[in-house]
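Residues per chain are reported as follows:
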Amino acid sequence: KFLRKNQKVEIENICGSDIKFEIPSVLAHEIEIKKNRKMGALINKIRVYGFRGLQNIEVELEETTVLTGMNNSGKTSILKALQIALGNRQFISQDDFHISEKNISDDIIIDILIVPISGEGKLISEFSSDWEILFTVDRIKTNSNSQSYIPLRTVVSFDEINNSYKSKSYILKEWPEFKSADGT
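Residues numbered from 1 in each chain as written. Predicted model: local features only at pLDDT ≥ 70, side-chain atom pairs only at ≥ 80, totals over all residues. Heavy atoms only, no water.

Asker: Talk me through the environment of Ser 164; I want residue IDs and the actual numbers.
Answerer: Topologically, Ser 164 is positioned in strand β8 (residues 164-171). Ser 164 gets classed as partly exposed once you look at its relative accessible area, which sits at 29%. Along the sequence, Ser 164 and Gln 94 sit 70 residues apart, while their C-alpha atoms lie 9.7 Å from each other. (Helix = DSSP H or I, 4+ residues; strand = E, 2+ residues; numbered from the N terminus. Buried < 20%, exposed > 50% of the residue type's maximum accessible area, 1.4 Å probe, protein only.)

Right, here's the structure in full:
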C-alpha cells in the first residue's frame with residue numbers, strides 16, 4: 001500500500017476493539033512492513049578490486065555485520081564500495097583507484113551477491129514474487145544447489161575523452177569463484 005507523506009491512517013487496536021487512532025503514514029508504512037515481514041534480500045558477499053587500499057578482497061556479510069580494525073585497514077573503503085555498487089557514485093576521484101608499488105588500477109570493480117532471506121533473516125532458496133518483479137526473473141540466477149541469487153557488478157573507470165569517471169553496473173551471468181591477488 002502506497003501512502004502519501006503526512007497522510008493519516010486509521011489502524012485498529014491490536015486487541016481488536018473498535019478504538020481507532022491516527023498515525024502518520026511514514027510510521028504506518030513501517031508498521032506494515034514489520035507486520036508483514038515475509039521475505040527480504042541480503043547482500044551476502046562483496047568483492048572489491050582496485051579501490052583505495054583494497055587491491056582484491058572478498059567479504060561475507062550477515063544481516064548485521066560489524067566491521068572492526070585499526071585505522072586505514074579498509075572499513076570505510078568497504079562501506080564506500082557498497083555505496084558505489086548501489087548507485088551513489090558522486091564522490092569518485094583519482095585517489096579512489098588502488099595504487100601499488102608497480103601501477104595504478106585502471107578500473108574499480110565491485111561485485112555484490114544478493115540472496116533471498118526469510119522474515120527472520122534466514123537464507124532461503126528463492127526470492128518472493130515481489131522481488132522477482134523488482135529484479136525481473138531473467139536477472140535472478142540459480143546455482144547448482146537451487147539457491148537463487150543476483151550477481152551485480154559495478155565497474156568504474158576514467159573516461160579520458162570527457163575527463164570524468166564513468167561507471168557501468170550489470171548482472172553477471174554467474175557468480176565466479178573468488179581468486180585472490182596471487183591467483184589462488
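Moving on from the model shown.
Asker: Run through the layout of surface pockets, naming residues and quoting values.
Answerer: Where empty space is left can be seen by rolling a probe of water-molecule size over the atoms. By volume, the second largest pocket amounts to about 170 Å³. Lining the second largest pocket are Arg 47, Val 48, Tyr 49, Asn 56, Ile 109, Asp 111, Arg 153, Pro 176, Glu 177, Phe 178 and Lys 179. Taken together, the elements giving at least two residues each to the lining of the second largest pocket come down to β3 (39-51) and β5 (107-118). At 3 residues, the largest contribution of residues to the lining of the second largest pocket is made by β3. Looking at side-chain class alone, the lining of the second largest pocket contains 5 nonpolar, 1 polar and 5 charged residues. (1 Å grid on protein atoms, 1.4 Å probe; cavity = no way out; pocket = protein on both sides within 12 Å on 5 of 7 lines; lining within 4 Å. Points joined across faces, edges and corners; volume = space filled by probe spheres on them. Nonpolar A, V, L, I, M, F, W, Y, C, P; charged D, E, K, R; others polar.)

Asker: Tell me about the nonpolar core, residues and numbers included.
Answerer: Within the largest apolar cluster, 23 residues are counted, with the highest numbers of intra-cluster contacts made by Ile 46, Val 48, Ile 110 and Ile 112. If you list the elements that add at least two residues to this core, you get β3, β4 (54-60), α2 (75-85), β5 and β7 (148-159). With 5 residues, the single largest contributor to this core is α2. Sequence-distant contacts of Ile 46, defined by excluding residues within four places in its chain, comprise Ile 57, Glu 58, Val 59, Leu 61, Ile 78, Ala 81, Leu 82, Ile 110, Asp 111 and Ile 112. In terms of nonpolar packing, the next biggest core, distinct from the first, is built from 7 residues, Leu 42, Leu 113, Ile 117 and Trp 175 among them. (Core = buried A, V, L, I, M, F, W, Y, C linked by side-chain atoms within 4.5 Å. Contact = heavy atoms within 4.5 Å.)

Asker: How would you summarise the pattern of salt bridges if you had to cite specific residues and measurements?
Answerer: Summed over all chains, the structure comprises 3 salt bridges. Asp 96 is the salt-bridge partner of Arg 52, the closest N and O atoms lying 2.8 Å from each other. Of the two residues, Arg 52 sits in the loop between β3 and β4 while Asp 96 sits in the loop between α2 and β5, which places them 44 residues apart along the sequence. Classification of Arg 52 as partly exposed rests on a relative accessible area of 26%. Judged by relative accessible area, Asp 96 falls into the buried class, the value being 3%. Between Asp 111 and Arg 153 there is a salt bridge whose closest N-O contact spans 2.7 Å. Of the two residues, Asp 111 sits in strand β5 while Arg 153 sits in strand β7, which places them 42 residues apart along the sequence. (Salt bridge = Lys/Arg side-chain N within 4 Å of Asp/Glu carboxyl O.)

Asker: Account for the pairing of β8, with residues named and values stated.
Answerer: Relative to β8, β7 runs antiparallel, the two sharing 8 bridges. The partner of Phe 158 across the bridge, within β8, is Tyr 165. Counting the residues in the hairpin turn of β7 and β8 gives 4 residues, including Asn 163, whose phi is positive at 50°. (Pairing = 2+ DSSP bridges.)

Asker: Requested: an account of the packing of aromatic side chains, with residues and values cited.
Answerer: Any aromatic ring pair is given by two values, namely how distant the centres are and how the planes are angled relative to each other. Scanning the entire structure with this criterion turns up 4 aromatic pairs. On the numbers, 5.7 Å between centres and 70° between planes, the contact of Phe 127 with Phe 135 is edge-to-face. Over the aromatic face of Phe 91 sits the side chain of Lys 80, whose NZ or CZ is 4.7 Å from the ring centroid. Over the ring of Tyr 170 we find Lys 168; its NZ or CZ atom is 5.4 Å from the centre of that ring. (Phe/Tyr/Trp six-rings, centres within 6.5 Å; stacked < 30°, edge-to-face > 60°. Lys NZ or Arg CZ within 6 Å of the ring centre and 35° of its normal.)

Asker: How would you explain the side chain of Lys 45 if you had to name every residue and give the values?
Answerer: Looking at where Lys 45 falls in the secondary structure, it is placed in strand β3. No salt bridge is formed by the buried Lys 45; the nearest opposite charge belongs to Glu 60, separated by 4.3 Å. Residues within four places of Lys 45 in sequence aside, it is in contact with Glu 58, Val 59, Glu 60, Asp 111, Ile 112, Leu 113 and Trp 175. (Lys, Arg positive; Asp, Glu negative; His and termini not counted.)

Asker: So what's going on with α2? Residues and values would help.
Answerer: Within the span of α2, buried status applies to Ser 77, Ile 78, Ala 81, Leu 82, Ile 84 and Ala 85. The buried residues of α2 occupy an angular sector of 160° when the element is viewed end-on, so they sit on one face. Downstream of α2 by a residue or two, Gly 87 has a phi angle that is positive, lying close to 120°. (Arc of directions from axis to C-beta.)

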